[in-house]
Each structure stands twice: as structure tokens, then as C-alpha cells.
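# Results of the structural survey
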Amino acid sequence: MLHVVATCDTQQSLKEPELLMQALQQADRGRGRLEHARIHLSRGGARGVLFISGPAAYEVQQYGRELFGRAVSNEPALTTWALSECSLLPVA
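Residues numbered from 1 in each chain as written. Predicted model: local features only at pLDDT ≥ 70, side-chain atom pairs only at ≥ 80, totals over all residues. Heavy atoms only, no water.

What follows covers the overall build of the protein. Within the protein one finds two helices and four strands. For 92 residues, the compact-globule estimate of 2.2 N^0.38 gives 12 Å, and the C-alpha radius of gyration of the protein, at 12 Å, lies within 12% of that figure. With the C-alpha coordinates aligned to their principal axes, the bounding extent of the protein is approximately 40 × 30 × 15 Å. Residues classed as buried in the protein amount to 34% of the 92 residues present. Taking contacts inside the protein between residues at least 6 apart in sequence as the whole, the part at least 24 apart equals 65%. When the accessible surface of the protein is summed, it comes to about 5,600 Å², and 51% of that surface belongs to carbon and sulfur atoms. (Helix = DSSP H or I, 4+ residues; strand = E, 2+ residues; numbered from the N terminus. Rg over C-alpha atoms; globule rule 2.2 N^0.38 Å. Buried < 20%, exposed > 50% of the residue type's maximum accessible area, 1.4 Å probe, protein only. Contact = heavy atoms within 4.5 Å. Areas by Shrake-Rupley, 256 points an atom, 1.4 Å probe, with all protein chains shown as cover.)

Written out as C-alpha cells, the structure reads:
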């Protein structure tokens, strides 16, 4: 699992997490590695957990960064967003 923190560079606020979810799912289309995501929005950004499948932890983390980059670059309403943290969460 990845803990992902994204921030917005402008005062633009995202009112619905569904837009970010749809962009992530679209960016993963054809790859099938994003199993599930939970996203919580705030005034300054978004915080979420992405459940990504992969053979090794470093590959999951790299894919999470790439996935977020594709998602925000493909959705005009998200182009001011940037990934500020992408770290692995320990699984109990």
C-alpha cells in the first residue's frame, strides 16, 4: 500500500474526490495495478492511500508516482496538483 499526499499549487479547490479517482483509474487502464484507492480532500490538497499490486516494494512506489503523474497530466482540472509524498505504508 502507498500513502500518497498531493498538493495544489493554486487556490483551486477540488470539491469531489471522484474526479481524482477517475483520473487515477483512467491512468491505470490497461495495466490493472491499481486495486483500490481512498482519497480525502482538504483545502490545501488531498491525502490518500493507493492499493497497488506489484512484485516489489520499490516497484509499487515507482508505479504510484508514475500513476499520479499520468492522472494529473491527463485531466485539465488537476494540472495544478503535484505529488508531495509517496511512501509505503507498513502492512500488518
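As a further point, take the sheet that holds strand S2 (residues 34–42). With antiparallel pairing, the four strands of this open sheet are ordered in space as S2-S3-S1-S4. Single-partner strands in this sheet number two, and they are S2 and strand S4 (81–88). Within this sheet the neighbouring strands show an average axis-to-axis angle of 20°, counted without direction. Direction of pairing for strand S1 (residues 2–8) relative to strand S3 (residues 45–52): antiparallel, over a ladder of six bridges. By the bridge assignment for S3, Val-5 is matched with Arg-47. Across the sheet, helix H1 (residues 17–28) is in contact with S2 and S3; its angle to S2 comes to roughly 150°. (Pairing = 2+ DSSP bridges. Axes fitted to C-alpha atoms, helices over the stretch in contact; angles between N-to-C directions.)

Turning to the packing of aromatic side chains, a few remarks are in order. Counted under the stated rule, the structure contains zero aromatic pairs. The residue whose ring lies beneath Arg-33 is Tyr-63, and the NZ or CZ to ring-centre distance is 4.3 Å. (Phe/Tyr/Trp six-rings, centres within 6.5 Å; stacked < 30°, edge-to-face > 60°. Lys NZ or Arg CZ within 6 Å of the ring centre and 35° of its normal.)

In this fold, Met-1 is placed in the segment before S1. In this structure the C-alpha to C-alpha distance between Met-1 and Ser-73, which are 72 residues apart in sequence, comes to 23 Å.

Over its 12 residues, H1 runs 17 Å from end to end, which matches the ideal 16 Å to within 8%, given 1.5 Å per residue. All buried positions along H1 are accounted for by Leu-20, Ala-23, Leu-24, Ala-27 and Asp-28. An end-on view of H1 places all buried positions within 130° of arc, on one side of the element. For H1, the elements touching its buried residues are S2, S3 and helix H2 (57–74). Within two residues after H1, Gly-30 carries a phi angle of roughly 90°, on the positive side. (Expected span 1.5 Å × (residues − 1). Arc of directions from axis to C-beta.)

Right, let's get into the pairing of S3. Looking at chain direction, S2 and S3 are connected through eight bridges and run antiparallel. Note that in S3 the partner of His-36 across the bridge is Phe-51. Hairpin geometry of S2 and S3 is characterised by an intervening segment of two residues between the two adjacent antiparallel strands.

With that settled, consider the nonpolar core. Grouped together as the largest cluster of nonpolar side chains are 23 residues, with contacts concentrated most on Leu-24, Leu-50, Ile-52, Leu-67 and Trp-81. The leading source of residues in this core is H2, at six residues. Each residue touching Leu-24, except ones within four places of it in the same chain, is listed here: Leu-34, Ile-39, Leu-50, Leu-67, Phe-68 and Ala-71. (Core = buried A, V, L, I, M, F, W, Y, C linked by side-chain atoms within 4.5 Å.)

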